Structures are given as structure tokens and as C-alpha cells.
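Close look at the chain arrangement
Here's the letter readout for the chains.
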Amino acid sequence: MSGNTLGHLFTVTSFGESHGPAIGCVVDGCPPGMPLAEADIQPDLDRRRPGTSRHVTQRQEPDRVEILSGVYEGVTTGTPIALLIRNEDQRSKDYAAIARTFRPGHADFTYLSKYGVRDPRGGGRSSARLTAPVVAAGAIARKWLGQAHGTVVRGRMSQLGDIPVPLTDWAEVPRNPFFAADAGVVAELEAYMDALRRAGDSCGARIDVEATGVPVGLGEPLFDRLDADIAHAMMGINAVKGVEIGAGFASVAHKGSMHGDEMTPEGFATNHAGGVLGGISTGQPITVSIAIKPTSSIRVKRRSVDVDGAPVEVETLGRHDPCVGIRATPIAEAMLLLVLMDHALRHRAQCGDVRSPAPRLPGAVG
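Along each chain, numbering runs from 1 in the same order as the chain's sequence is written. Totals for whole chains, interfaces and linings use every residue, but because this is a predicted model, local features are given only for residues with pLDDT of at least 70 and side-chain atom pairs only at 80 or more, for both listing and counting. Only hydrogens and water are set aside when side-chain values are computed; all heavy atoms of the structure are taken into account.

1. Here's the deal with the sheet that holds strand 7 (residues 81-86)
Here the rule is simple: two strands pair whenever DSSP picks up at least two bridges between them. A run of DSSP states H or I qualifies as a helix once it reaches four residues; a run of E qualifies as a strand once it reaches two. Both are numbered from the N-terminal end. One open sheet accounts for five strands, arranged 1-2-3-7-4; its pairing is antiparallel. The two strands at the open ends of the sheet, each matched to only one other strand, are strand 1 (5-6) and strand 4 (65-67). Across three bridges, strand 4 lies against strand 7 in antiparallel orientation. Residue pairing for strand 7: Ile-67 is matched across the bridge by Leu-83. Whether two residues are in contact is decided by their heavy atoms: any pair within 4.5 Å suffices. Helix axes are fitted to C-alpha atoms over the stretch in contact, other axes to C-alpha atoms as well, and angles between N-to-C directions run from 0 to 180 degrees. Set on the sheet, helix 3 (residues 131-149) makes contact with strand 2 (11-16), strand 3 (22-28) and strand 7; between it and strand 3 the angle comes to about 35°.

2. A short note on empty space enclosed by the protein
For cavity detection a 1 Å grid was placed over the protein atoms alone, and a set of points counts as a cavity when a 1.4 Å probe fits there but cannot get out; an open set counts as a pocket when protein lies on both sides within 12 Å along at least five of seven lines, with lining residues being those that have an atom within 4 Å of a point. Grid points are joined across faces, edges and corners, and a volume is the space filled by probe spheres set on the points. Within the structure shown, the criterion is met by three cavities of 30 Å³ or more. Roughly 90 Å³ of volume is contained in the largest cavity. Taken together, Arg-48, Ala-128, Thr-131, Ile-237, Asn-238, Asp-321, Val-324, Arg-327, Ala-328 and Ile-331 form the lining of the largest cavity. Only Asp, Glu, Lys and Arg are considered charged, only Ala, Val, Leu, Ile, Met, Phe, Trp, Tyr, Cys and Pro nonpolar, and every remaining residue, Gly among them, polar. Taken together, the residues that form the lining of the largest cavity break down as five nonpolar, two polar and three charged.

3. Examining the environment of Gly-267
Mapped onto the fold, Gly-267 is located in strand 13 (residues 267-268). A sequence separation of 95 residues divides Gly-267 from Pro-362, and the C-alpha atoms of the two residues are 4.9 Å apart. The contact partners of Gly-267, leaving out residues within four places of it in the chain, are Glu-262, Leu-361 and Pro-362.

4. Some thoughts on the state of the cysteines
Each disulfide consists of a covalent bond between the sulfur atoms of two cysteine residues. What counts as a disulfide here is a pair of cysteine sulfur atoms lying within 2.5 Å. Taken as a whole and judged by the stated rule, the model has zero disulfides. With no disulfide of its own, Cys-30 lies closest to Cys-25 among cysteine sulfurs, the gap being 12 Å. The structure places no disulfide on Cys-203, whose sulfur is separated from the nearest cysteine sulfur, that of Cys-323, by 3.9 Å. Relative accessibility decides the category of a residue: with a 1.4 Å probe and only protein chains considered, values under 20% of the type maximum give buried, values over 50% give exposed, and everything between is partly exposed. Accessibility expressed as a relative area gives 4% for Cys-203, which makes it buried.

5. Points about the pattern of salt bridges
Opposite charge on two side chains permits them to pair, given that their charged atoms come into close proximity. We define a salt bridge as a side-chain nitrogen of Lys or Arg found within 4 Å of a carboxyl oxygen belonging to Asp or Glu. The final tally for this structure, using the stated rule, is 20 salt bridges. A salt bridge links Asp-63 to Arg-48; its shortest N-O distance comes to 3.1 Å. Taken together, the residues span a long stretch of sequence, with Asp-63 in the loop between helix 1 (38-48) and strand 4 and Arg-48 in helix 1 at a distance of 15 residues. Look at Asp-63 and you get buried, because its relative accessible area is 0%. With a closest N to O distance of 3.3 Å, Asp-208 and Arg-156 form a salt bridge. Highlighted residues: Asp-208 in strand 10 (residues 205-212) and Arg-156 in strand 8 (residues 152-160), separated in sequence by 52 residues. For Asp-208, a relative accessible area of 15% puts it in the buried group.

6. What about the packing of helix 5 (residues 226-234) against helix 7 (residues 329-351)?
Packing of helix 5 against helix 7 leaves a shortest axis separation of 9 Å and a crossing angle of 145°. Helix-helix and strand crossings are classified by hand; for helix 5 and helix 7 the assignment is right-handed. Within the contact between the two elements, helix 5 uses Leu-226, Asp-229, Ile-230, Ala-233 and Met-234 and helix 7 uses Ala-332, Met-335, Leu-336, Val-339, Leu-340, His-343 and Arg-346. Partitioning the contact of helix 5 with helix 7 into residue classes produces nine nonpolar, one polar and two charged. Left-handed describes a crossing whose near helix is turned anticlockwise from the far helix through less than a right angle; right-handed describes the clockwise counterpart.

7. Here's the deal with the nonpolar core
Judged by nonpolar contacts, the single largest core of 74 residues is most densely connected at Phe-10, Ile-41, Leu-83, Ile-140, Leu-160 and Leu-336. Ranked by the residues each element gives to this core, the list is headed by helix 7, at 12 residues. If near-sequence neighbours (up to four positions away) are discounted, Leu-336 is found in contact with Val-153, Val-209, Glu-210, Ala-211, Ile-230, Met-234, Ile-286 and Val-288. Buried residues of nine kinds, namely Ala, Val, Leu, Ile, Met, Phe, Trp, Tyr and Cys, make up a nonpolar core once their side-chain atoms join them within 4.5 Å.

8. What about helix 4 (residues 186-199)?
Helix length check: helix 4 (14 residues) gives 20 Å between terminal C-alpha atoms against 20 Å at 1.5 Å per residue, within 8%. Among the residues making up helix 4, those that are buried are Val-186, Leu-189, Met-193 and Leu-196. Projected down its long axis, helix 4 shows its buried positions confined to an angular sector of 90°, all on one face. For helix 4, exposure combined with an orientation more than 90 degrees from the buried face picks out Ala-187, Arg-198 and Ala-199. On its buried side, helix 4 packs onto strand 8 and strand 9 (163-164). Two residues or fewer past helix 4, Gly-200 is found with a positive phi of approximately 75°. Expected helix span is given by 1.5 Å per residue-to-residue step, counting one fewer step than there are residues. Throughout, the arc means that of the directions going from the helix axis to the C-beta atoms.

9. Considerations on the sheet that holds strand 16 (residues 286-292)
Through backbone hydrogen bonds, the strands of a sheet pair up, either in parallel or in antiparallel fashion. Strand order in the open sheet made by the five strands is 9-8-10-16-11, with antiparallel pairing throughout. Strands with a single pairing partner mark the edges of an open sheet, and in this sheet they are strand 9 and strand 11 (240-245). Here strand 8 pairs with strand 9 via two bridges, running antiparallel. Each residue of the ladder has a partner; that of Leu-160, found in strand 9, is Ile-163. Sheet contacts for helix 7: strand 8, strand 10 and strand 16; angle to strand 8, the most-contacted strand, approximately 140°.

10. Quick look at a nonpolar patch on the surface
On the surface, Met-1, Tyr-115 and Val-117 cluster together to form a nonpolar patch covering roughly 310 Å² of accessible area. Summarising the element assignment, Val-117 is placed in the loop between helix 2 (108-115) and helix 3. Like-charged residues within 9 Å of one another, or nonpolar side chains (Val, Leu, Ile, Met, Phe, Trp, Tyr) within 5 Å, are grouped into patches, provided each residue has over 30% relative accessible area and no salt bridge. Only the protein chains shown count as covering a residue, and every accessible area follows the Shrake-Rupley method with a 1.4 Å probe.

Here's what the structure looks like:
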């Protein structure tokens, strides 16, 4: 199986399956000399891990990260950093009933069609469990970008099912299990999820992520556009079916006189472009939104076929998130961090000595 590596200079290669002994990744290209310990990585994993509330899967995984290489006497050496997260709470028997059938909306059919063999235990390689190593790698990028450029990446849930979640106060995000930036909507979200779980069904979500302190000049103007690489990374998250940069699909209704972000000596007047022009960062905040589909593994019986093509009804048992979007915020943050880290190193390699005559606009990072 190919396609397990993200990035060019800062690369992340993940490995493992949902019910294997462990999952993890190898991070290559991290600059040497940066202080790094498990304590720098664990907080982001704790934000993503399962079992943190009644609204997510009750699989109890501590998700303790181990650094196996690439760090000596507390600092990175420039060599590959291997990160390991052991699986400790697998219940593979829950998936015996679907070993010969295909869950509607899941990757069962496509995996077997492509590879001729599949691991039905928790979805194997297609499980959202594999986002944990991505979050761990993103924590390394978070630290380096913060030290090198003052970059800050944060995210929030902006919609759960058909319930919009307003942006009232970023400080509320870590205070509730939904990553909601509005305390007043949490009770409604809890009631909605409780009813959904009782019904055995699932729902989707929208997650908004932003990066501030992003230097001007990241990205290339053609095939390696910054926004294209961001979209590519976000679509690599399980269940993501849509990505918007800046105004996104709302741009369809804009007039050119409104959409183009005017520039003044005081800085950009707006940010409909989401911090990217011509594939290159402007120094404004990078703003990204992702649409996450409803979880495919549900208790509601649905029509399907078995491996012989015979009709069956599928009811998925086991422990599943009724909305994978609830735990997706740290994952989306990590993906944005990985892309920005890779492009920051690529920009430094090619254009580190460039002295541009372009003016520095207030609010933009040089």
C-alpha cells in the first residue's frame, strides 16, 4: 500500500491498524537542536483521544506517545523521529459479523476490491484511529513553527448536524467536549447527541481552523500551491468530504468588487482569500473549513451485500463515534500545521536569502 507519506521536506509516514499492537509514524526533516519530549506531544493527543466524554466512542485508549528515535539529550538531532502509540483496548470480536459483508458508506468494499484482502477489525487501516499519529506529528510542527515564526494554529466546531455553533469566545473551546466557542450552545449539542446515540444513528460536522503568524511567501504558484496542499491534507482526514479556504463556496455569490481583498497602508481590508493569493501566503490568517460526513458505522440496519454478492442487512456493533467531527478539531489543526511546517522549510531552502522590495503590510508576518 502506497500513499502513506505526507510532505516533501518535512515528511510524516504513518503505520499500523486500528486493532494491531500499535500505531505510529516516522517524522523526517525536523531541524536539529529543538528541545523535544513526550510532554510536548501528549497534550494534543489528549485532546483527540477516545473515551473523553459520553458523546464519543468509549474505547479507552490512553494514547501515550513514545519517542523512539531522533532525540538525544532532550533535543532533536535532525534524524528521523519515530513515534509509537500502543493500542490497549481492542475488541476485535465486535467485528466478526461484518468480516464477509460491506458496511454502507465505509471503505470495506473499496479496500477488498483494490487489495484483495482487508482487515475488518475496526476498519483496519481505514480507521480514524490512524489520525492519532498525525496529531502527534503535528505537535512537533506546532512547537517548531511557534518558536521560528510565532505561528499559532487553533480550531473549533462551527456546526454539529444542523445546529450552527457561533464563534463567541475562543476561550470556551477547551472547556467542552465539542470544541465549541460558545458556552450557550453546549446543552443543545449534548441533547442532540444523546438523542442520536439512542437512535443508533450518526451525524456530520463542520470544523473551522485558522493559523496566525504565518510568514508571507509560503507556497508555490502552480502545482504546489499552499491552498492546494492544505486541501490535499484535509481531504486525507477520515470522513472529510469538503474543504473551503477563506470564503470558500460563499465566493460564488460575491461580486469582484467585494471579494478581492483591498490593500491599504494599514493592511488588508478583508480576508476573503483566507490568507492565500496565487497559491502563496499573504501573511494574513490562514482560514480553512472542513465538512465531515456522518459516521458510517451505525446500529441502524441498512441494505448491503456480502462477499458473494448476496443481499444482506448490516448492523454495525462495537464502539463508534456517533459524530467523528467531535474529535476532529485537533486532527484538522495537525494537518494544517504539517503543511505549514513543510512549506516553511521549503521556503527557507529556496528563498531564505531573498530580500523583497514588496512593502510589509501591518498585521502580516514578514
